[in-house]
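Survey of secondary and tertiary structure
Residues per chain, in single letters:
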Amino acid sequence: MAKFPAGLRVLAVDNDPTILTIIKEMCLQFHYHGAIVVTFYDASLALNHVSENKDCFDVILIEVHMPNMDGYEFIQHVRKEINVPIIMMSLNGATGVVMKAIEHGACDFWIKPLHKNQFKIMWKHVVRKLWSENKLPKKDDSKFTYSINAIVRYQGKSNSNSKETNVNESNDCYEPPTKKPRVVWTPALHNQFINAVKQIGLEKAQPKRILEVMKTPDLTREHVASHLQKYRFYLKGSNGVTLQ
DNA sequence: AGACCTATCT
DNA sequence: AAGATAGGTC
């Protein structure tokens with residue numbers, strides 16, 4: 001028997017074909033073998049498809065910024081047609097964008113680039129929503145049968161052997177998406193950098209030496225090198241007048 | 001290989 | 001604009 005997430009029916013809407021390809025690959029890769037992934041590049045097409053095929057999907061992924069109909073508008077309409085978790089995606093993770101997504105009823109927000117872990121835990125949204133609505137498998141609801149049965153089987157399984165799995169009751173702690181955080185050169189950090197450069201001497205200040213002098217825990221030579229490039233560029237522009 | 005630099009990408 | 005990444009040179 002297939003493990004639970006198999007059979008999860010995913011509808012992906014994004015105007016970028018590469019993203020759609022990635023989503024397809026991810027779904028297959030992450031034990032969603034047998035998953036039905038329907039992809040659309042146009043939100044209005046997707047909307048039509050949903051209204052013609054209600055109860056055919058378990059989760060919807062939608063990009064916020066779409067050419068014709070944007071993600072927010074799509075959500076407003078699609079929620080009247082189908083009641084499934086909707087995840088919004090965008091390159092822009094500004095709080096305004098994210099909050100607007102949540103206000104419109106998105107259950108999650110994925111900041112691009114998409115990460116494996118997001119797909120890994122995607123099915124939890126489906127389970128939580130069904131549980132929160134007390135939805136039990138209806139034998140006459142053939143469209144939902146597969147995934148719901150899968151959930152029931154899964155529950156039975158985890159009851160019989162008390163093996164610890166990922167799905168604990170409704171814990172809200174997601175596995176943090178292990179994305180590499182980018183270094184922010186706060187004024188304090190920049191000051192350390194400047195002090196190091198001063199100490200070494202501008203002419204002799206090179207990434208490795210600067211890094212050694214700074215001795216900041218998780219900073220790498222590449223980080224410093226990149227920052228140094230910007231700093232030099234800045235010095236050139238201000239022509240030595242405003243270097244502090 | 002490792003460190004540096006420049007150009008390019010996001 | 002700020003930081004990351006790539007590619008070339010020594």
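Look a little higher up for the structure.
These numbers come from a predicted model, not from an experiment.

Considering the arrangement of structural elements, one finds Leu114 in the loop between strand E5 (108–111) and helix H5 (116–120). Looking at Leu114, the relative accessible area reads 15%, which means it is buried. When the C-alpha atoms of Leu114 and Ile23 are compared, they prove to be 8.5 Å apart, with 91 residues separating the residues in sequence. When sequence neighbours within four positions are dropped, the list of residues in contact with Leu114 reads Ile19, Ile23, Met89 and Phe119.

A cis amide bond links Lys112 with the next residue in sequence, Pro113, at an omega value of 5°. Tracing the chain through its elements places Pro113 in the loop between E5 and H5. Positive phi, normally seen in glycine, also occurs at Lys215, with a value near 40°. Mapping Lys215 onto the fold places it in the loop between helix H9 (207–214) and helix H10 (221–238).

Attention now goes to the packing of aromatic side chains. Under the counting rule described, the total for this entry stands at four aromatic pairs. Among the aromatic residues, those joined into a ring-pair cluster are Trp185, Phe193, Tyr231 and Tyr234.

Neighbouring residues of DNA strand C: 10 residues in total, closest Arg182, Val183, Trp185, Ser226 and Lys230. A share of 56% is what sugar and phosphate atoms reach among the atoms of DNA strand C within 4 Å of the protein. Ser226 places a side-chain nitrogen or oxygen 2.7 Å from a base nitrogen of DNA strand C. The class makeup of the residues in the surface near DNA strand C is three nonpolar, four polar and three charged.

This next bit is on the protein's contact with DNA strand B. Taken together, Gln206, Pro207, Lys208, Arg221, Gln229 and Arg232 make up all the residues around DNA strand B. Backbone sugar and phosphate groups make up 57% of those atoms of DNA strand B lying within 4 Å of the protein. Interatomic distance of 3.4 Å between a side-chain N/O atom of Gln206 and a phosphate oxygen of DNA strand B. A distance of 2.9 Å separates a phosphate oxygen of DNA strand B from a polar atom in the side chain of Lys208. Here the surface near DNA strand B takes three residues from H10, the largest share from any one element. Looking at side-chain class alone, the surface near DNA strand B contains one nonpolar, two polar and three charged residues.

The end-to-end C-alpha distance of helix H8 (residues 187–200), which contains 14 residues, comes to 20 Å, matching closely the 20 Å that a straight helix rising 1.5 Å per residue would cover. Where H8 is concerned, the buried positions are Leu189, Phe193, Ile194, Ala196, Val197 and Ile200. In an axial view of H8, the angular spread of the buried residues amounts to 160°, which keeps them on one side of the axis. Of the residues in H8, the exposed ones pointing more than 90 degrees away from the buried face are Pro187, Ala188, Lys198 and Gln199. Among the residues trailing H8, Gly201 stands out with phi positive, at a value near 105°.

Rules used in this analysis
- Residues numbered from 1 in each chain as written.
- Chains lettered and ligands numbered in written order.
- Predicted model: local features only at pLDDT ≥ 70, side-chain atom pairs only at ≥ 80, totals over all residues.
- Heavy atoms only, no water.
- Helix = DSSP H or I, 4+ residues; strand = E, 2+ residues; numbered from the N terminus.
- Buried < 20%, exposed > 50% of the residue type's maximum accessible area, 1.4 Å probe, protein only.
- Contact = heavy atoms within 4.5 Å.
- Phe/Tyr/Trp six-rings, centres within 6.5 Å; stacked < 30°, edge-to-face > 60°.
- Near = heavy atom within 4 Å.
- Polar contact = N/O pair within 3.5 Å; in protein donor to acceptor, adjacent residues only side chain to side chain.
- Nonpolar A, V, L, I, M, F, W, Y, C, P; charged D, E, K, R; others polar.
- Expected span 1.5 Å × (residues − 1).
- Arc of directions from axis to C-beta.

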